[in-house]
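Architecture and fold: a report
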Amino acid sequence: MAGAASVLEDDSLLSRLDRGLAKAEWSMALVSGLGAFALMVLAVVSVSGRNLFNEPLRGYVDWIEAAMPLIAIFGISYVQRLGGHIRMDIVVGALKGRALWAAEFITTLGVLVLMILLVWGTWAHFDRSFDCSRPLCSRDSSIDINLPLWPAKLVVPVAFSVMCVRLVLQLWGYGRAFVLGLQEPVAVPLVQSAAEVAAAEAEQVRGHD
């Protein structure tokens, strides 16, 4: 989105499901961040080994390749909940009320269809490399240290599946807002103005004083 967004909550079933899924999404984003931190540690170890002992970390590139799906994709649903994915807001941002919720519903439905197709395709890609009749249950592996590739490939359909669940909840939220004519529906990202973002950041800073 073209700016920060907030997600409202209440005691409805939709909001409870949203909060429950958000906990899983936050955990996945944390794992993604820890993966990025682990790669930084590996980089320090590799460079230190090269400079001090003329022996860099063996298989460093293999570990980077294996960790990339975890870092780049595992937190995709967390970002979707917060409305953090890039999109064009020139038209949608000018809409209000039911017209806005209808546009959000249609675009979210299109994304859901795409994600379902991606889950199907990425699962097939994972399944082609998974074979427990072979060593490490893998039909293919990395070039240097022969890391099995199926765990990295499995990350993608798992992350996309969680994304599909998030999109279903958001479709529910947008559809509910359209039918009931709500101004501030729950469980969907609401775009904030620059003034609202500044006020929220100021409130957060005051909370740490």
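Up top is the structure these notes are about.
Presented here is an overview of the structure given in this document. All values derive from a computational prediction rather than experimental measurement. (Residues numbered from 1 in each chain as written. Predicted model: local features only at pLDDT ≥ 70, side-chain atom pairs only at ≥ 80, totals over all residues. Heavy atoms only, no water.)

Section: helix α5 (residues 150-180)
The line we're drawing: Each helix is a run of H or I in the DSSP string that is no shorter than four residues. Each strand is a run of E no shorter than two, and both are numbered from the N terminus. One less than the residue count of a helix, multiplied by 1.5 Å, gives the span that helix is expected to have.
Over its 31 residues, α5 runs 46 Å from end to end, which matches the ideal 45 Å to within 8%, given 1.5 Å per residue. Phi turns positive one or two residues past the end of α5, at glycine 181, with a value near 70 degrees.

Regarding the state of the cysteines
Heads up, the condition is: The definition used for a disulfide is geometric: two cysteine sulfur atoms within 2.5 Å. Remark: exposure states derive from per-residue accessible area (1.4 Å probe, protein chains only) relative to the maximum for the residue type, with buried under 20%, exposed over 50%, and partly exposed in between.
Tallied over the entire structure, the rule returns one disulfide. Each sulfur in the disulfide pair cysteine 132 and cysteine 137 lies 2.1 Å from the other. Between cysteine 132 and cysteine 137 the disulfide shows an S-S torsion of about 95 degrees. By sign, it is right-handed. The class for cysteine 132 is partly exposed, based on a relative accessible area of 48%.

Concerning the packing of helix α4 (residues 97-129) against α5
The test is simple: With axes taken as lines fitted to C-alpha atoms, and helix axes fitted only over the stretch in contact, angles between N-to-C directions fall between 0 and 180 degrees. An angle below 35 degrees is treated as roughly parallel, one above 145 as roughly antiparallel, one from 65 to 115 as roughly perpendicular, and anything else as oblique. Crossing handedness is defined as follows: a turn of the near helix away from the far one that is anticlockwise and smaller than a right angle gives a left-handed crossing, while the clockwise case is right-handed. Under this grouping Gly is polar, as are all residues other than the nonpolar Ala, Val, Leu, Ile, Met, Phe, Trp, Tyr, Cys and Pro and the charged Asp, Glu, Lys and Arg.
The contact between α4 and α5 brings their axes to 8 Å, and the two run at 160 degrees. The angle between the axes of α4 and α5 places the two elements in the roughly antiparallel class. For the pair α4 and α5, the crossing hand works out as left-handed. Of the residues assigned to the contact of α4 with α5, the class counts are 27 nonpolar, seven polar and three charged.

Focus on the packing of helix α1 (residues 13-53) against helix α2 (residues 60-73)
Two measures define how a pair of helices packs: the angle their axes make with one another and the distance between the axes. The following threshold applies: Contacts between residues were defined by any pair of non-hydrogen atoms, one from each residue, lying within 4.5 Å.
At a minimum axis separation of 9 Å, α1 and α2 run at an interaxial angle of 165 degrees. Relative to α2, the element α1 is oriented roughly antiparallel. The way α1 lies across α2 gives a crossing that is left-handed. Touching Val31, Ser32, Gly35, Ala36, Leu39, Leu42, Ala43 and Ser46 of α1 are Tyr60, Trp63, Ile64, Ala67, Met68, Leu70 and Ile71, all from α2. For the contact of α1 with α2, a count of residues per class yields 12 nonpolar, three polar and no charged.

Remarks on the layout of surface pockets
Filter applied, for reference: Grid points spaced at 1 Å and placed over the protein atoms alone form the basis of the search, with a cavity being a set where a 1.4 Å probe fits but cannot get out and a pocket an open set showing protein on both sides within 12 Å along at least five of seven lines. Lining residues have an atom within 4 Å of a point. Grid points are joined across faces, edges and corners, and a volume is the space filled by probe spheres set on the points.
In this structure, the second largest pocket occupies an estimated 300 Å³ of space. Looking at the second largest pocket, it is lined by 18 residues, and the ones nearest its centre are Gln80, Arg87, Glu104, Thr107 and Val111. Elements with a minimum of two residues in the lining of the second largest pocket: α4 and α5.

Section: the side chain of serine 32
Position of serine 32 among the secondary structure elements: in helix α1. Here serine 32 falls in the buried class, since its relative accessible area comes to 8%. Here serine 32 is in contact with Leu70, Ile71, Phe74 and Gly75, once residues within four sequence places are set aside.

A word on the pattern of salt bridges
The cut-off we apply is this: Salt bridge, as used here, is a side-chain nitrogen of Lys or Arg placed within 4 Å of a carboxyl oxygen of Asp or Glu.
Applying the stated criterion to the full structure yields seven salt bridges. One salt bridge connects arginine 139 with aspartate 131, and the closest N-O pair in it is separated by 3.4 Å. The exposure class assigned to aspartate 131 is buried, which follows from its relative accessible area of 15%. A salt bridge links lysine 153 to aspartate 140, with the nearest nitrogen and oxygen atoms 2.9 Å apart. Residue lysine 153 is found in helix α5, and its partner aspartate 140 is found in the loop between α4 and α5; the two are separated by 13 residues along the sequence. For aspartate 140, a relative accessible area of 27% corresponds to the partly exposed category. The network of salt bridges with shared partners includes Glu9, Asp18, Glu25, Arg81 and Arg166.

What about unusual backbone geometry?
Backbone geometry places cysteine 137, a non-glycine residue, at a positive phi of 55 degrees. Among the structural elements, cysteine 137 can be located in the loop between α4 and α5. One non-glycine residue, alanine 187, lies in positive phi territory at about 70 degrees. The exposure class assigned to alanine 187 is buried, which follows from its relative accessible area of 2%.

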